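Remarks on the overall topology
Listed below, chain by chain, are the residues.
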Amino acid sequence: MTAPPDEHREPPSSFVEQANLRDRTICEEFEANWPGCWEQAADVLDWHREYDQVLDESNAPFYEWFCGGELNASYNCLDRHIEAGRKNHAALKWEGKRRETRTYTYQDLSHEVNEVAAALRDLGVGEDDVVTLYLPMIPELPIAMLACARIGAPHSVVFAGFSADALATRMESATSEYLITCDGYYRRGNAFNQKSKADNALMELDNDVTTVVVDRLGEELDHTLDERQYDYEDLLIAHAGARVSPVARDGEDMLFLMYTSGTTGEPKGVTHTTGGYLSYAAWTARTVLDVKPEDTYWCSADIGWITGHSYTVYGPLALGTTSVIYEGTPDYPDRSRLWEIIERNAVDVFYTAPTAIRAFMKWGEQYPESHDLSSLRLLGTVGEPINPRAWKWYYTHIGNESCPVVDTWWQTETGGIMITTLPGVNTMKPGSAGPSLPGIGARVVSEDGSTIEAGEAGYLVIDRPWPGMFRTLYGNDDQYVHEYWDRFSVDDEWVYLTGDGATVDEDGYITVLGRVDDVINVSGHRLGTMEIESAIVGVSGVAEAAVVGGNHETNGTAVYAYVSTDHSQEPSEALEARITDAVEDTIGPFARPEDVIFTPELPKTRSGKIMRRLLENIANHEPLGDTSTLRNPEVVGEIEAADRKE
Ligand code: PRX
């Protein structure tokens, strides 16, 4: 829902005066010169070899960008800033869970990245070998990413909260024989063992894996190193002062893989390239997030997800700014923690998720009010729709009505921001993300692919390629075409299906309504209902399961699992616990169902398909509409009754 016109806001003039992008004609310019306009993005970077062609569409939808160009991502994020005389500028400011702080200048960061790159090479990592990184929010994570990029080894970061099984599945899918992990980390003040999860995953794999272990907890948690396991610090000592020349990568070479959830039970390896991705991450960080080299910039997303890749690591470091990394949660040790970090570091730009904003609202404005947040210049949100009330709270209580708020829509697959207001140019309409960025072809279409009337809901699609787009799903070109491009493409007119529903208004502002496929977004974590269901049906005694996303006050959406048991089992608390444990073991604690609702049967169509939409309506206490087409309409009343009991 978009706010009414009297609640729209113009960009504050104090912001506009200094904005990186003030030119109101940029959209027309990009249209007139498409795809050549994207040279602007490539120009943000330094290329080892200039590209010959901006876009090659001959093998669409396998597009290629900046063809013939060569570059190195770590060179662009480190060396070139040092060569420009900025070696003593802070690159990373790390805030640990126990109030430890560490600052890395560009020089420091470059030193350690080079040492790790040398160590990885020594351990046998070659160009194009996939290195899996299974680390929490510690500086060693971006360091390892850049070290991989330096030697041309794609990284695959697996969010630290994933389970051993989930790690093993991702390593196996990527045939990854190298892993960087840590002994453990602090969770709400307690030492939590990460290495044992990693070791369990390794036991599931057939391949021998070489592992590097960062000692995060020291004496707080003992760990031993097995064969083929190396201590990170020992490797740094052994490679002290080493220099590794950045490998010139073809622009289309893979920079990283990022597994994400889709509509099937298997996670998908979204493949991003060196040239197009990095250009797009850096260009959008500059134009949308207004990042400047002298800024202290903070994106609070975990680096284990795409937002942290593009807007904590690659975008900001390519621009030579100072990027803050925070290891902890917003409410530990107290609810002022984020505001205290912003005040102490004089953060200029803050980018977070609506889930966090809803939690801040619930806690009350007394926490931000007790801190000086006047350093802030721009606020951003990402990951889910933000309702006008949360938007206004953020604008007023964090931004003091003097910072533009950019509501940025994008996805793991898009690599960077696609739909938002340009903060120095566009009117802000709370609740609506905004228009397509210049050069981006976002549209809302009906079932038959035709563009819909303003105000009507339809499918959000992108009808033109863009530099930051993923190039395929790792090892699965067919699924890439089938899942993303088959639905609305006609002849050579390729149309990318986002999986989201949306409306568009008469000014071209897009309001994203949420997923229209079997993917749910819980507190910014993207989950496939099929993945959760297959974990649940693996529990003995469970006959069938259907998982849906239902409204949740703080998390926006929560997982609700409807489960029927087989003859061997009666519904019980013990079974419920086994079900939630199975989800935690197969995926991770963040996928844990909010509720498990036992039902004698699941509602099915006459052809035997589970009616998920109906379950969603039940979970949200919404009208159910016509249920007469069900094969078993009588079950609906029973499910509603079971739901009320929860
Ligand atoms: O449903 C949309 C939602 O997040 C999905 C993408 O999730 P993921 O690949 O994990 O990437 C999240 C961070 C980029 C989208 O399909 N989404 C993302 N941003 C917004 C959003 N929904 C509404 N408004 C947004 N600003």
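All of these numbers come straight from a predicted model, not from anything done at the bench.

This part is about the site of the ligand. Taken together, the neighbourhood of the ligand is formed by 17 residues, with Asp407, Thr408, Thr412, Asp500 and Arg526 sitting nearest. Between Arg526 and the ligand, the recorded distance is 2.6 Å, taken from a side-chain N or O atom to an oxygen atom. Protein burial of the ligand: of its 540 Å² of free accessible surface, 96% is covered by the chains. The set of elements that each furnish at least two residues to the shell around the ligand consists of helix 11 (306-318), strand 20 (405-408) and strand 25 (510-515). When its residues are assigned to classes, the shell around the ligand shows six nonpolar, six polar and five charged.

This part is about the sheet that holds strand 21 (residues 442-445). Strands sit in the order 21-22-24-25 across an open sheet of four strands; the sheet is antiparallel. The sheet is open, and its two edges are formed by strand 21 and strand 25, each paired on a single side. Taking the axes of each pair of neighbouring strands and ignoring which way they run, one obtains an average angle of 45 degrees across the sheet. Where strand 21 lies against strand 22 (residues 458-462), four bridges are found, and the strand directions are antiparallel. From the neighbouring strand, Val445 faces strand 22, where its bridge partner is Tyr459.

Mean pLDDT over the chain works out to 95, with 100% of the residues at or above the 70 mark. Taking the mean pLDDT of every element in the chain, the minimum, 82, falls on helix 20 (residues 635-645) and the maximum, 99, on helix 6 (residues 140-151).

This next bit is on the state of the cysteines. Taken as a whole and assessed by the stated rule, the structure comprises zero disulfides. Cysteine Cys27 remains unbridged, with the sulfur of Cys37 as its closest cysteine sulfur at 10 Å. Left without a disulfide partner, Cys182 is nearest to the cysteine sulfur of Cys148, which lies 16 Å away. A relative accessible area of 0% places Cys182 in the buried class.

Before going further, it helps to examine the packing of aromatic side chains. Counted according to the given criterion, the structure contains 39 aromatic pairs. Ring plane angle 85 degrees and centroid distance 5.1 Å describe the contact between Tyr311 and Trp410, whose orientation is recorded as edge-to-face. Taken together, the residues Tyr311 in helix 11 and Trp410 in the loop between strand 20 and strand 21 connect sequence positions 99 residues apart. No difference in accessibility class separates Tyr311 from Trp410, as the two residues are buried. An aromatic cluster of at least three residues, connected via ring pairs, comprises Phe62, Tyr63, Trp466, Phe470, Tyr480, Tyr484, Trp485, Trp494 and Tyr496.

As a further point, take helix 18 (residues 573-586). Between its first and last C-alpha, helix 18 extends 20 Å over 14 residues, near the 20 Å set by a 1.5 Å rise per residue. Every buried residue of helix 18 is accounted for by Leu575, Ile579, Thr580, Ala582 and Val583. On an axial view of helix 18, the arc spanned by its buried residues comes to 150 degrees, and they lie on one face. The exposed residues of helix 18 that point more than 90 degrees off its buried face are Glu573 and Asp585. Packed against the buried residues of helix 18 are helix 17 (529-537), strand 28 (542-552), strand 29 (556-565) and strand 30 (595-598).

Two side chains that carry opposite charge are able to pair once their charged atoms sit near each other. Here the structure, examined in full by the defined rule, presents 38 salt bridges. Residue Arg99 pairs with Glu340 through a salt bridge whose shortest N-O separation is 3.3 Å. Taken together, the residues span a long stretch of sequence, with Arg99 in the loop between strand 4 (90-95) and strand 5 (101-105) and Glu340 in helix 12 (residues 337-345) at a distance of 241 residues. Assessed through its relative accessible area of 44%, Arg99 is described here as partly exposed. On the basis of relative accessible area, Glu340 is assigned to the buried category, the value being 16%. Arg515 serves as the salt-bridge partner of Asp517, at 2.6 Å between the closest nitrogen and oxygen. Within this structure, Glu95, Arg99, Asp334, Arg337, Glu340 and Arg344 form a network of salt bridges that share partners.

Turning our eyes to something else, we now look at the nonpolar core. The biggest cluster of nonpolar side chains holds 121 residues, and the ones touching the most others in it are Trp38, Leu109, Leu289 and Tyr314. The element that contributes the greatest number of residues to this core is helix 6, accounting for nine residues. For Trp38, the contacting residues outside a window of four places in its chain are Phe30, Val54, Trp65, Phe66, Tyr280, Trp283, Pro438, Gly439, Ile440 and Pro467. Met171, Leu179, Ile587 and Phe598 belong to the second largest nonpolar core, which has 38 residues in total.

Below, the discussion takes up the pairing of strand 17 (residues 322-326). Counting buried positions along strand 17 gives five out of five residues, so the element sits mostly inside the fold. Going residue by residue along strand 17, you find Thr322, Val324 and Tyr326 tucked away on one face and Ser323 and Ile325 tucked away on the opposite face as well. Bridging between strand 4 and strand 17 involves four bridges; their strand directions are parallel. In the strand pairing of strand 17, Glu95 is matched with Tyr326. Looking at chain direction, strand 16 (residues 296-299) and strand 17 are connected through three bridges and run parallel. Note on strand 17: the bridge partner recorded for Tyr297 is Ser323. Assessed by its sense of winding, the connection that carries the chain from strand 16 through helix 11 to strand 17 is right-handed.

What counts, and at which threshold
- Residues numbered from 1 in each chain as written.
- Predicted model: local features only at pLDDT ≥ 70, side-chain atom pairs only at ≥ 80, totals over all residues.
- Heavy atoms only, no water.
- Near = heavy atom within 4 Å.
- Polar contact = N/O pair within 3.5 Å; in protein donor to acceptor, adjacent residues only side chain to side chain.
- Areas by Shrake-Rupley, 256 points an atom, 1.4 Å probe, with all protein chains shown as cover.
- Helix = DSSP H or I, 4+ residues; strand = E, 2+ residues; numbered from the N terminus.
- Nonpolar A, V, L, I, M, F, W, Y, C, P; charged D, E, K, R; others polar.
- Pairing = 2+ DSSP bridges.
- Axes fitted to C-alpha atoms, helices over the stretch in contact; angles between N-to-C directions.
- pLDDT = per-residue confidence, 0-100.
- Disulfide = S-S within 2.5 Å.
- Buried < 20%, exposed > 50% of the residue type's maximum accessible area, 1.4 Å probe, protein only.
- Phe/Tyr/Trp six-rings, centres within 6.5 Å; stacked < 30°, edge-to-face > 60°.
- Expected span 1.5 Å × (residues − 1).
- Arc of directions from axis to C-beta.
- Contact = heavy atoms within 4.5 Å.
- Salt bridge = Lys/Arg side-chain N within 4 Å of Asp/Glu carboxyl O.
- Core = buried A, V, L, I, M, F, W, Y, C linked by side-chain atoms within 4.5 Å.
- Right-handed = clockwise from strand over helix to strand, strands pointing away.

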